[in-house]
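# Results of the structural survey
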Amino acid sequence: EVVLLWLQSRSNLRDEMVDWHASPTVGRIDMHATIESGFFDFTDTLMSFTMSVAPQDAPVDHRFLIFAPFGWEFVVGSFQAGERFPDIFDMGQLFCYDPTQVREVSLYALQLLAPIRASMPCKLNPTKLCINEVGFTIRVNTPPTPADLARWRRQTHQAWLL
């Protein structure tokens, strides 16, 4: 069983992913995300992602993990692969422990049944390779509106981690 720890470095306040008893994390993911509804107080709203991997393919059998910001909840079974996204096994919502925040963190896990290609032949010139952008959607419940919005902005990190 793959165990993944999500740590937040206190020295530079950047997210990090650390492999624990698993295959190494390799490459880089470039991502763009959009949300269908407003930011707070929405249930079952659609998040759309477009991404690419580099410099190499994401191999078969690797796990694709999606961490939502704190307070967000995944709608189980709502992952939908988009254009050029490979076949996957939907492992559903899982939980791991975040030792820096001393709390459980929710994540959505997929197992790749085919690679996510880093590049593919360009549409207009098939003799050249272009970045392969893949898309997917997932439904989420957004967090409730905080009582103190200014404090929430200072203390909450709202980044998605893939």
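Summarised in this report is the structure supplied together with it. Bear in mind that the values here come from a model prediction, so they are computed numbers and not experimental data.

This part takes up the nonpolar core. In globular proteins that are soluble, nonpolar side chains generally tend to be buried together. In this structure, Phe64, Ile66, Phe136 and Trp160 are the most contacted members of the largest nonpolar core, which totals 23 residues. For Trp160, the contacting residues outside a window of four places in its chain are Met31, Met47, Phe49, Ile66, Phe67, Ala68, Pro69, Trp72, Phe74 and Val140.

Among the five residues of strand S5 (residues 63-67), four are classified as buried, and the element is accordingly described as predominantly covered. Pairing of S5 with strand S9 (residues 103-112) involves five bridges; the strand directions are antiparallel. By the bridge assignment for S9, Phe67 is matched with Leu107.

Applying the stated criterion across every chain, the model contains four salt bridges. Here Asp44 ties to Arg139 by a salt bridge, and the two come within 3.8 Å at their closest N and O atoms. Residue Asp44 is located in the loop between strand S3 (28-35) and strand S4 (45-54), and its partner Arg139 is located in strand S12 (residues 134-141); the two are separated by 95 residues in the primary sequence. Glu83 is the salt-bridge partner of Arg84, the closest N and O atoms lying 2.9 Å from each other. Judged by its relative accessible area of 54%, Glu83 falls in the exposed class.

You can see Phe64 is positioned in strand S5. Judged by relative accessible area, which is 5%, Phe64 ranks as buried. Distance in space between the C-alpha atoms of Phe64 and Leu112 is 7.0 Å, their sequence separation being 48 residues.

Rules used in this analysis
- Residues numbered from 1 in each chain as written.
- Predicted model: local features only at pLDDT ≥ 70, side-chain atom pairs only at ≥ 80, totals over all residues.
- Heavy atoms only, no water.
- Core = buried A, V, L, I, M, F, W, Y, C linked by side-chain atoms within 4.5 Å.
- Buried < 20%, exposed > 50% of the residue type's maximum accessible area, 1.4 Å probe, protein only.
- Contact = heavy atoms within 4.5 Å.
- Helix = DSSP H or I, 4+ residues; strand = E, 2+ residues; numbered from the N terminus.
- Pairing = 2+ DSSP bridges.
- Salt bridge = Lys/Arg side-chain N within 4 Å of Asp/Glu carboxyl O.

Worth remembering: the numbers are spatial, not functional.
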